[in-house]
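What the coordinates show
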Amino acid sequence: MEQNVIDKIYIDGKFVTPHGTDLADLFNPATGQVIGQVQFADEVDTETAIAAAKRALPAWSATSTEERIDALRRLQAAVAAKRTEMLEAVLLEFGAPVRNEWLVDSAAGAFGDMIKTLESFNFTRQVGTATVQMAPVGVAGLITPWNSNLFFIADKLATALAAGCTVVIKPSEMSATQTNVMTQALHEAGLPNGVFNIVTGLGDVVGTTITRHPDVPRISFTGSTAVGKVIFREAADTLKSLTLELGGKSPSIILDDADFESAIVGALFSGFVNSSQACVAGTRILVPESRLDEALAAATAHMADFPVGDPSDPATAIGPMVSERQWERVQSYICRGVEEGARILVGGPGRPEGLPDGYFVRPTLFADVTNDMTIAREEIFGPVLSILTYRDEDHAVEIANDTDYGLHAYVFSSDPERARRIASRLQAGRVSINGGYEPLSPFGGFKQSGIGREYGAYGLEGFLESRSVMQ
Ligand code: NAD
């Protein structure tokens, strides 16, 4: 197979060869085969990108809301026009099942959502005699993970540009093929040079240069809690404004009045979303003690609704893990679950039958899990779900909140009032009742799931500083 070498980064409106010379292999996770190489940017490239963003800032921050909406429309159209190439890239490099078209469509959608937000956003407000101007914070560093590469780039870029910021984007080093298609699309939109710059490289090289840089007053990071903490410390010296979107260990609470069949399917769906490589995955399924047998029977039966396999097969719900390292990590958690006394209902260690190559995991469902076990406490980022029991509502809320994280929660009930009452007691940035979803609502975590909020007006506020003008 012909191998692709991605040896360009994007600075000041141009595709340029990086100053950095390190090459790394890119893999197809469904086969384990090398599909190409990426040449990493280094500190010099990052400095150049930051300087370009700084030069572009005065003109971009002076644009009107109408001009920004027009730019976002062009970006949205350019991204939508590359849909086919993007679908190919997420399949090849991330192993995303082809049915997960949302991984691509959400990228164009992010620009549309920010256009809607801008249309009703007030950049000038009155507080008593003061006029409060909401001003762009400056050059923003946007650092993204591999698990939804296109969307994270699009969403952070759309929000920063809407605020009048210029940006340097550091995508995951493991997503260079997807980033390359994305960059070509964004270039087509014809924005002024330097408004956005994209430098793929390593976190402790490109990422650190951004997070330490005095000309970057704002960081928006999505990734692991461990790296989020490093960034928090690195950003302290220059007192940057930060949004940190980190990990999760989200509960799915099935109330005793729920329709069990559909609630179990909903809970499994939220657990296996994006092959469970999702910060919002509902990995702790809480069921009433009094209906445990019924819950276990339904969950075991419905595991068949989530087949693992070749991601190019439309029947596949769960694809491979992104890398060998991720595969090993998930295996170690499955073994740990068994060691600590959890019972495997479905799945287990090793590779699924008929899938000897690639980084496929057997979708695994554990019963007899208590909330102190490692598999109930740590983010696994693979298709390993735990069923826990609760005695009553208070106990369900206690278990749900007994976690270091607080990104998302799911509640299933046939009584909307009761579900809302439970939701209002959960320490989670988003609570979805019976699958409810609103993209413009704020997204982000309580506790160690992060700091700040993204999406819609709340996300936009993060890239703005208030300036009170008093006469
Ligand atoms: P990661 O933290 O390893 O890497 C994320 C990004 O940070 C990458 O671009 C990486 O190169 C960069 N990075 C690494 N070290 C850095 C450093 N010292 N300074 C600056 N940048 C650095 O995460 P990942 O493995 O790519 O993604 C999976 C993680 O992301 C999971 O923990 C998941 O929960 C989390 N995540 C969170 C959200 C959310 O919105 N809360 C969404 C998706 C993923």
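In this text the structure is predicted, and so the values were computed from the model without any measurement. (Residues numbered from 1 in each chain as written. Predicted model: local features only at pLDDT ≥ 70, side-chain atom pairs only at ≥ 80, totals over all residues. Heavy atoms only, no water.)

**Quick word on the domain arrangement of the chain**
Test applied: The split into domains, and so the bounds of each, comes from an automatic or database assignment of domains. Buried area counts how much accessible surface, traced with a 1.4 Å probe, disappears from two parts once they are put together, with both parts' losses summed. Salt bridges are defined by distance alone: a side-chain nitrogen of Lys or Arg within 4 Å of a carboxyl oxygen of Asp or Glu. Residues adjacent in sequence count toward polar contacts only when both atoms are side-chain atoms; beyond that, a polar contact is any pair of N or O atoms within 3.5 Å, and within protein one must be able to donate a hydrogen and the other to accept it. Secondary structure elements are defined from DSSP: runs of H or I of at least 4 residues count as helices, runs of E of at least 2 residues count as strands, and each element is numbered from the N terminus. When residues are sorted by character, Ala, Val, Leu, Ile, Met, Phe, Trp, Tyr, Cys and Pro go into the nonpolar class, Asp, Glu, Lys and Arg into the charged class, and all the rest, Gly among them, into the polar class.
Partitioning the chain into domains gives domain 1 (4–246 + 449–470) and domain 2 (251–439). Placing the centre of domain 1 and that of domain 2 at their C-alpha centroids yields a distance of 30 Å. Interface area, domain 1 with domain 2, both sides summed: about 2,200 Å², of which 59% is carbon and sulfur. Here domain 1 and domain 2 share 0 salt bridges between them. Here domain 1 is connected to domain 2 by 9 residue pairs in polar contact (both at pLDDT 80 or more). Put simply, the parts of the chain that give the side of domain 1 that touches domain 2 at least two residues each are helix H3 (83–94) and helix H4 (102–119). Split into classes, the residues belonging to the side of domain 1 that touches domain 2 amount to 14 nonpolar, 7 polar and 5 charged.

**Some thoughts on the sheet that holds strand E5 (residues 33–39)**
Worth spelling out the cut-off: Strands pair, by our definition, only if DSSP identifies at least two bridges between them. Each axis is a line fitted through C-alpha atoms, taken for helices only over the stretch in contact, and angles between the N-to-C directions span 0 to 180 degrees. Contact criterion: two residues are considered in contact whenever any of their non-hydrogen atoms come within 4.5 Å of each other.
Ordered in space as E1-E5-E4, the 3 strands form an open sheet in which the pairing is mixed. Looking at the sheet topology across the chains shown, the edges are occupied by strand E1 (4–6) and strand E4 (23–28). The sheet shows a mean angle of 30° between the axes of neighbouring strands, direction not considered. Strand contacts of H3: E4 and E5, with the helix running at about 100° to E4, the strand carrying the most contacts. Taken strand by strand, helix H6 (residues 176–188) contacts E1, E4 and E5, and its axis lies near 70° from that of E1.

**Overview of the packing of aromatic side chains**
The test is simple: For this analysis, a ring pair means two rings from Phe, Tyr or Trp (six-membered ring only for Trp) whose centres lie within 6.5 Å, classed as stacked if their planes differ by under 30 degrees, edge-to-face if by over 60, and tilted for the remaining angles. The rule is simple: take the accessible area with a 1.4 Å probe, protein chains only, and divide by the maximum for that residue type; under 20% is buried, over 50% is exposed, in between is partly exposed. By the criterion adopted, a ring carries a charge over it if an Arg CZ or a Lys NZ lies within 6 Å of its centre and within 35 degrees of its normal.
Applying the stated criterion across every chain yields a total of 9 aromatic pairs. On the basis of an interplanar angle of 80° and a centroid distance of 5.5 Å, the ring pair of Trp146 and Phe381 is categorised as edge-to-face. Residue Trp146 is found in the loop between strand E8 (140–143) and helix H5 (149–163), and its partner Phe381 is found in the loop between helix H12 (374–377) and strand E17 (384–390); the two are separated by 235 residues along the sequence. For the pair Trp146 and Phe381, one class covers both residues: buried. Aromatic ring contacts, followed pair by pair, group Phe151, Phe152, Phe443 and Tyr455 into a single cluster. Here the basic side chain of Arg68 rests over the ring of Phe123, its NZ or CZ set 5.6 Å away from the ring centre. Sitting above the plane of the Phe463 ring, Arg218 keeps its charged end 4.4 Å from the centroid.

**A look at the nonpolar core**
For clarity, the threshold we go by: Nine residue types can take part in a nonpolar core, namely buried Ala, Val, Leu, Ile, Met, Phe, Trp, Tyr and Cys, and a core is a set of them joined through side-chain atoms within 4.5 Å.
Of all hydrophobic cores here, the largest spans 91 residues; its most connected members are Leu72, Leu186 and Ile254. Tallying contributions element by element places H5 first for this core, with 11 residues. Structurally, this core is a two-domain feature, drawing no fewer than three residues from each of domain 1 (4–246 + 449–470) and domain 2 (251–439). When neighbours within four sequence positions are excluded, Leu186 is seen to be in contact with Leu75, Val79, Phe111, Ile153, Leu157, Phe196 and Ile198. Counting 30 residues, the second largest nonpolar core, distinct from the first, contains Ile253, Val397, Ala409 and Leu426.

**Structural notes on the site of the ligand**
Counted only if it meets this: Being near a molecule or strand, for a residue, comes down to having at least one heavy atom within 4 Å of it. Only the protein chains shown count as cover for residues, with accessible areas throughout obtained via the Shrake-Rupley method and a probe of 1.4 Å. A cavity, in this analysis, means grid points on a 1 Å lattice covering only the protein atoms where a 1.4 Å probe fits yet has no way out; a pocket is instead an open set bounded by protein on both sides within 12 Å along at least five of seven lines, and a residue lines either one if it has an atom within 4 Å of a point. Cavities and pockets are treated as containing a molecule whenever more than half of the molecule's atoms lie within 2 Å of their grid points.
Residues in contact with the ligand amount to 28 residues; listed here are only the nearest, Thr144, Glu173, Ser224, Leu246 and Glu379. Backbone polar atom of Gly223 to an oxygen atom of the ligand: 3.3 Å apart, as the coordinates give it. Between the ligand and Glu245, the relevant distance is 3.4 Å, taken from a nitrogen atom to a main-chain nitrogen or oxygen of the residue. Protein contacts shield 89% of the accessible area of the ligand, which totals 850 Å² for the unbound molecule. Because more than half of its atoms lie within 2 Å of the grid, the ligand is assigned to the largest pocket. At the level of elements, helix H7 (203–212), strand E11 (218–222) and helix H8 (225–234) are the ones that each hand at least two residues to the shell around the ligand. Considered class by class, the residues forming the shell around the ligand number 14 nonpolar, 10 polar and 4 charged. Built from parts of two domains, the shell around the ligand gets at least three residues from each of domain 1 (4–246 + 449–470) and domain 2 (251–439).

**What to know about the pairing of E11**
Under the convention used in this document: Crossovers are marked right-handed if the path from the first strand over the helix to the second runs clockwise, as seen with the strands pointing away from the viewer.
E11 sits mainly inside the fold: 5 of its 5 residues count as buried. Of the two faces of E11, the one lined by Arg218, Ser220 and Thr222 and the one lined by Ile219 and Phe221 are each fully buried. Here E8 pairs with E11 via 4 bridges, running parallel. Residue pairing across strands places Ile143 opposite Phe221, the latter belonging to E11. Sheet topology places E11 next to strand E12 (residues 241–245); 5 bridges connect them, and they run parallel. If you follow Thr222 over to E12, its bridge partner there is Glu245. The β-α-β motif built from E11, the intervening H8 and the parallel element E12 has right-handed crossover chirality.

**Focus on the layout of surface pockets**
Defined as follows: Grid points are joined across faces, edges and corners, and a volume is the space filled by probe spheres set on the points.
What the largest pocket holds in volume is close to 1,300 Å³. Surrounding the largest pocket, 46 residues form its lining, Trp146, Glu173, Ser224, Val227 and Arg325 being those nearest its centre. Elements with a contribution of two residues or more to the lining of the largest pocket: E4, H7, E11, H8 and helix H11 (324–339). Per element, the largest residue contribution to the lining of the largest pocket is 7 residues, and it comes from H8.

**Section: helix H1 (residues 43–61)**
Counted only if it meets this: For a helix, the expected span equals 1.5 Å multiplied by the residue count minus one. Working definition for bend: take the seven residues up to and ending at a residue and the seven starting at it, fit an axis to each, and measure the angle between the axes.
Over its 19 residues, H1 runs 26 Å from end to end, which matches the ideal 27 Å to within 8%, given 1.5 Å per residue. Considering bend angle alone, the principal kink of H1 is centred on Arg55 and spans about 30°; proline Pro58 follows within four residues of it. Within H1, the full set of buried residues consists of Asp45, Thr46, Ala49, Ile50, Ala52, Ala53, Ala56, Leu57 and Trp60. Residues of H1 that are buried in the fold lie against strand E2 (9–11), helix H2 (65–81), H5, strand E9 (167–170), strand E10 (196–198) and H7. Two or three places before Val44, at the opening of H1, Asp42 has a side-chain oxygen 3.0 Å from that residue's backbone nitrogen.

**Quick notes on empty space enclosed by the protein**
For the structure on display, the rule yields 4 cavities of 30 Å³ or more. As a volume, the largest cavity reaches approximately 100 Å³. Along the walls of the largest cavity sit 13 residues, with Ile6, Lys8, Ile9, Thr179 and Thr200 positioned nearest its centre. Only E2, E5 and H6 provide two or more residues apiece to the lining of the largest cavity. Taken together, the residues of the lining of the largest cavity break down into 7 nonpolar, 5 polar and 1 charged. When its volume is computed, the second largest cavity comes out at roughly 80 Å³. Lining of the second largest cavity is provided by 16 residues; of these, Pro251, Ala400, Gly406, His408 and Gln427 occupy positions nearest its centre. Among the elements of the structure, strand E13 (250–254), helix H13 (393–401) and strand E18 (408–412) are those that each provide at least two residues to the lining of the second largest cavity. Split into classes, the residues belonging to the lining of the second largest cavity amount to 7 nonpolar, 7 polar and 2 charged.

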